Amino acid sequence: MTAFRTSGATSTMDRVPEDQTEDQTAEPLTQYLQRTVQRVRAVDRRHPLLWDLHLTAFWTTAALIDFHGGGWTRITRNPDVPDGLVLALGLALTVPLLRRRAHPRAVLLVMAPALLVNAWTGALLQAALLHLLVVFHITLRRPLRSLWWVAAVSTAPVVLTVLRHPKGPADEDLGPHLMSLLVAVAVGVTVRTRRDHTVALEDRAHRLEIERDQQARLAAAAERTRIAREMHDIIGHNLSVITGLADGGRYAAAKSPERAAQALDAIAGTSRQALTELRRLLDVLRDDEPAPADLTPQPALTDLDRLLDGVRRAGLPVRATVEGAPAISPGRQLTLYRVIQEALTNTLKHAGPDATADIALSYAASGAVTLTVTDTGRGGAPTANGGRGLTGMRERTALYGGTLEAGPRPHPQRGWRVHLLLPEDSTP
């Protein structure tokens, strides 16, 4: 089986189209960028504080350069703002970014006073735009319903600037700000949606993997049960026949050597048949190399006469009565065969000497089947030793929706009775 799967996988890879192979090696720059992004994300996941320190240090340095270089005076609407206040505002708008991912809402609330003072004084530092990065993280991590107050906190400074330091129409200040705010929110929603989708796919793959393993374990357990049932049927029946033949041959050896020789021949034939069936069953368990296919069919009702002949040679008289025509599926035939085999095996084991067995098999026109196997033995319970016989018969019967009853015959009758009923076959 392993070799077959390997060869199949190899042939599948050999059939990969050439254009698909070329696509896998195409766009080396894109693949390089993807690998770089993945490495950066991996480092960020392992050391999140390191990335936060670098980003905060970068924007703080930029704010200090803007202050010392006087760049802020080119866009301010009030160049008379004290230098100390400008420096304090620059630091208040950049240093809190260090905690933007862990506590984005708190960071925005800390930056809000600086944003209002920046708008009230007319300094209009470019560092105020960094609050949009905090808005992005709020969108990424917090419920979307919190965006209403976020939008209010973000827009209030712009409205204040329009009221205190107007410069042209109000939409020249409000329009770009609202557009930037929408872009920050849209990017946050996009990244969040992709992240949630990835998490959902990973969770689904994990659950499918667990389900696959569970199904494999259930299939293995079912297969082990089936194999154990088949081995019980094969070994139990054939060894019971061999035991009966050996006992009969031992008694006949002194008085009738010819009968003893016939018993030995029957023992040899039964043993070879058991070994053949066991070898075919055990070949299924081999996975080191593919075994040649065994085309021997499973037993069916056409093999019932051979089964009864073997039981009779073992010393158990059996009488079979059949009513109706057997028009049933091979699986149902195998169930009937195995139940008869197991019932006769139990009779050979437990019924004692001078016992007889009767088989009554009835086929209804609707497809239902009734089977009754009785014996005249001592009526001891075949499962007293904890065997699998009755359990296997019930499992086979339940597989086709049937019922099976097994127990001693009612007084004053002696012996054991097995009654099976298979309903109409609903398989199309």
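To start, this report covers the structure provided alongside it. In every chain, residue numbers begin from 1 and rise along the written sequence. Thresholds applied to this predicted model are a pLDDT of at least 70 for local features of residues and 80 or more for the giving and counting of side-chain atom pairs; totals over whole chains, interfaces and linings are not thresholded and use all residues. With hydrogens and water excluded, all non-hydrogen atoms of the structure serve as input to the side-chain values.

Bringing helix α11 (residues 304-313) into the picture now. Summary of the burial criterion: residues with accessible area below 20% of their type's maximum are buried, those above 50% are exposed, and those between are partly exposed, where the area comes from a 1.4 Å probe applied to protein chains only. Where helices and strands are cited, they refer to DSSP runs of H or I of at least four residues and of E of at least two residues respectively, numbered from the N terminus. Listed as buried for α11 are Leu304, Leu307, Leu308, Gly310 and Val311. Projected down its long axis, α11 shows its buried positions confined to an angular sector of 160°, all on one face. Among the exposed residues of α11, those pointing more than 90 degrees away from its buried face are Asp305 and Arg306. Gly315 lies just past α11 and shows a positive phi near 105°. The arc in question is formed by the directions pointing from the helix axis toward the C-beta atoms.

What follows deals with the packing of aromatic side chains. When two rings of Phe, Tyr or Trp (its six-membered ring) have centres within 6.5 Å they constitute a pair, described as stacked for plane angles under 30 degrees, edge-to-face for angles over 60, and tilted for the intermediate range. One pass over the structure, following the stated rule, counts 1 aromatic pair. Between Phe58 and Trp59, the ring centres sit 5.0 Å apart and the planes meet at 75°, which makes this aromatic pair edge-to-face. Accessibility expressed as a relative area gives 32% for Trp59, which makes it partly exposed. Charge over a ring is defined by NZ of Lys or CZ of Arg lying within 6 Å of the ring centre and within 35 degrees of the ring normal. A cation over a ring is seen here: Arg164 above Trp120, with NZ or CZ 3.8 Å from the ring centre.

On the surface, Met179, Val183, Val187 and Val191 cluster together into a nonpolar patch covering about 330 Å² of accessible area. Here Val183 shows up in helix α9 (residues 171-255). Residue class for Val183 comes out partly exposed when judged on its relative accessible area of 44%. Like-charged residues within 9 Å of one another, or nonpolar side chains (Val, Leu, Ile, Met, Phe, Trp, Tyr) within 5 Å, are grouped into patches, provided each residue has over 30% relative accessible area and no salt bridge. Note on areas: Shrake-Rupley, 1.4 Å probe, and residue coverage restricted to the protein chains presented here. Within this document, salt bridges are pairs made up of a side-chain nitrogen of Lys or Arg and a carboxyl oxygen of Asp or Glu, the two lying within 4 Å of each other.

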